[in-house]
Amino acid sequence: MLWSVVIPVKTTQSGKSRLEISGADRPQLALAIALDTVAAAASAQAVGEVVVVTSDADVQAGVEQIDGATWIPDPGMSLNGAARAGLERASHEARAVMLGDLPALTAADLDDALARATGQERAVVPDAEGSGSVLVTWRVPGAHEAHFGTDSAAKHADAGHTVLDVPASSTLRRDVDTAEQLEVAAALGLGPRTTALLEAARAA
Ligand SMILES: Nc1nc2c(ncn2[C@@H]2O[C@H](COP(=O)(O)OP(=O)(O)OP(=O)(O)O)[C@@H](O)[C@H]2O)c(=O)[nH]1
Ligand SMILES: C=C(OP(=O)(O)O)C(=O)O
């Protein structure tokens, strides 16, 4: 069984506003993080397609270089609106929305989470802190509504999503908004684009 995975990505000029890394250009870092996330998701065995929702021209161009990933424009109705647009466009019945700021993500960890989600009508994987959501899934047809935002893990649980028992150490759960979170992600192992950008920043 294959999944459609929707990944919303904000413009790199406006995203990752809390991520200050000395020597690194923030939009370039946001781009590297997003493309590493998309590439890891697209290489997961259970993923039939990745649909990136973005209005960023650099992200769109990068996605076009990744097998198994396509993009659609962001309708401009915030994160949940972008998720809805991607879910409407998805071609597989099993659908998921995943955040685009998971630079340590491995295909194996996404496959593990999707295997756990297979038996659930609706499920959610909280971020490493437990309050946010990194992956929201549906096995049921019909209208799908995501509830990202403050305390979204609890909101998804209230909306009937089973909280999946994915280990806190999973690379899927390590979303990155701050330099401290990027350090934790680096200890797990960053994707190639983010690694190269940070190495260049260190050498500068
Ligand atoms: N397409 C789209 N993606 C969004 C939008 N808002 C957030 N995202 C994406 O959703 C994921 C989580 O976003 P956040 O961490 O809340 O936002 P961020 O702007 O990247 O980070 P901050 O500036 O620290 O808030 C990231 O992949 C964002 O790019 C939106 O309005 N449209
Ligand atoms: C948008 C969310 O995450 P964050 O702002 O932590 O990236 C969320 O968890 O709903």
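Per chain, residue numbering runs from 1 following the sequence as it is written. Following the order in which they are written, the chains are lettered starting with A and the ligands numbered starting with 1. Where totals are concerned, whole chains, interfaces and linings use all residues; where local detail is concerned, this predicted model gives features only for residues with pLDDT of at least 70, and gives and counts side-chain atom pairs only at 80 or more. Neither water nor hydrogens contribute to the side-chain values; these are computed over all heavy atoms in the structure.

By the naming in an unreviewed UniProt entry, the chain is Phosphoenolpyruvate guanylyltransferase, taken from Microbacterium faecale. UniProt positions are given in the numbering used here, feature names are shortened, and annotations may be inferred rather than shown by experiment. Per UniProt, the chain has the following entry under Catalytic activity (unreviewed entry): "phosphoenolpyruvate + GTP + H(+) = enolpyruvoyl-2-diphospho-5'-guanosine + diphosphate".

### Some remarks on the site of ligand 2
The near set for a molecule or strand comprises every residue that places at least one heavy atom within 4 Å of it. As a matter of local geometry, ligand 2 sits amid Leu79, Leu99, Asp101, Gly132, Ser133, Phe148, Gly149, Ser152, Asp175 and Asp177. Gly149 places a polar main-chain atom, nitrogen or oxygen, 2.8 Å from an oxygen atom of ligand 2. Summarising the interface, the protein chains cover 77% of the accessible area of ligand 2, which totals 290 Å² for the free molecule. Two kinds of site are reported from a 1 Å grid over the protein atoms alone, namely cavities, where a 1.4 Å probe fits but cannot get out, and pockets, open sets with protein on both sides within 12 Å along at least five of seven lines, and residues are called lining when an atom falls within 4 Å of a point. For a molecule to be placed in a cavity or pocket, more than half of its atoms must lie within 2 Å of the grid points of that cavity or pocket. More than half of the atoms belonging to ligand 2 lie within 2 Å of the grid points that define the largest pocket. Under the scheme applied here, ten amino acids are nonpolar (Ala, Val, Leu, Ile, Met, Phe, Trp, Tyr, Cys and Pro), four are charged (Asp, Glu, Lys and Arg), and all others, including Gly, are polar. Broken down by class, the residue content of the shell around ligand 2 amounts to three nonpolar, four polar and three charged. Under this definition, polar contacts are N or O atom pairs within 3.5 Å; protein pairs additionally need one hydrogen-donor-capable and one acceptor-capable atom, and for neighbouring residues in sequence, both atoms have to be side-chain atoms. Accessibility throughout is a Shrake-Rupley quantity obtained with a 1.4 Å probe, and a residue counts as covered only by protein chains that appear here.

### Regarding the pattern of salt bridges
For side chains bearing opposite charge, pairing can occur when the charged atoms are close. What counts as a salt bridge is simple: a side-chain nitrogen of Lys or Arg found within 4 Å of a carboxyl oxygen of Asp or Glu. This model, assessed by the stated rule, comprises 10 salt bridges. The shortest N-O distance in the salt bridge between Glu121 and Arg122 comes to 3.8 Å. Here the salt bridges share partners, and the residues they tie into one network are Lys16, Arg18, Asp101 and Asp177.

### Comments concerning helix α6 (residues 179-188)
Only protein chains enter the area calculation, which uses a 1.4 Å probe; residues under 20% of their type maximum are buried, those over 50% are exposed, and those in between are partly exposed. Secondary structure counts use DSSP, requiring at least four H or I residues in a row for a helix and at least two E residues in a row for a strand, with both numbered from the N terminus. Among the residues of α6, Gln181, Leu182 and Ala185 are the ones counted as buried. Angular distribution of buried residues about the axis of α6 spans 100°; they occupy a single face of the element. Facing away from the buried side of α6 by over 90 degrees, the exposed positions are Glu180, Glu183 and Ala187. Note on contacts: a residue pair qualifies if any of its non-hydrogen atoms lie within 4.5 Å across the two residues. Where α6 is buried, its residues meet α1 (26-42) and α7 (192-203). Regarding the arc, it is the one traced by the directions from the helix axis to the C-beta atoms.

### Let's talk about the site of ligand 1
Lys10, Lys16, Ser17, Arg18 and Asp74 are the nearest of the 16 residues found near ligand 1. The contact in question runs from an oxygen atom of ligand 1 to an N or O atom on the backbone of Gly100, over 2.9 Å. Between ligand 1 and the protein, one listed contact pairs an oxygen atom with a side-chain N or O atom of Asp101 at 3.4 Å. For ligand 1, the protein covers 84% of the area, taking 620 Å² as the surface of the free molecule. Assessed atom by atom at 2 Å from the grid points, ligand 1 resides in the largest pocket. Ranked by the residues each element gives to the shell around ligand 1, the list is headed by helix α3 (residues 78-89), at three residues. A breakdown of the residues in the shell around ligand 1 according to their chemical character gives six nonpolar, four polar and six charged.

### Some remarks on the UniProt feature "binding site: phosphoenolpyruvate" (unreviewed entry) in the chain
Residues annotated by UniProt as "binding site: phosphoenolpyruvate" (unreviewed entry) correspond here to Gly149 and Ser152. Lining residues of the largest pocket, restricted to the annotated ones just named, are Gly149 and Ser152. Counting through the fold element by element, Gly149 comes out in the loop between β6 (133-138) and α5 (152-158). As for its placement among the helices and strands, Ser152 is situated in helix α5. Aside from chain neighbours lying at most four places away, what touches Ser152 is Ser131, Gly132, Ser133 and His147.

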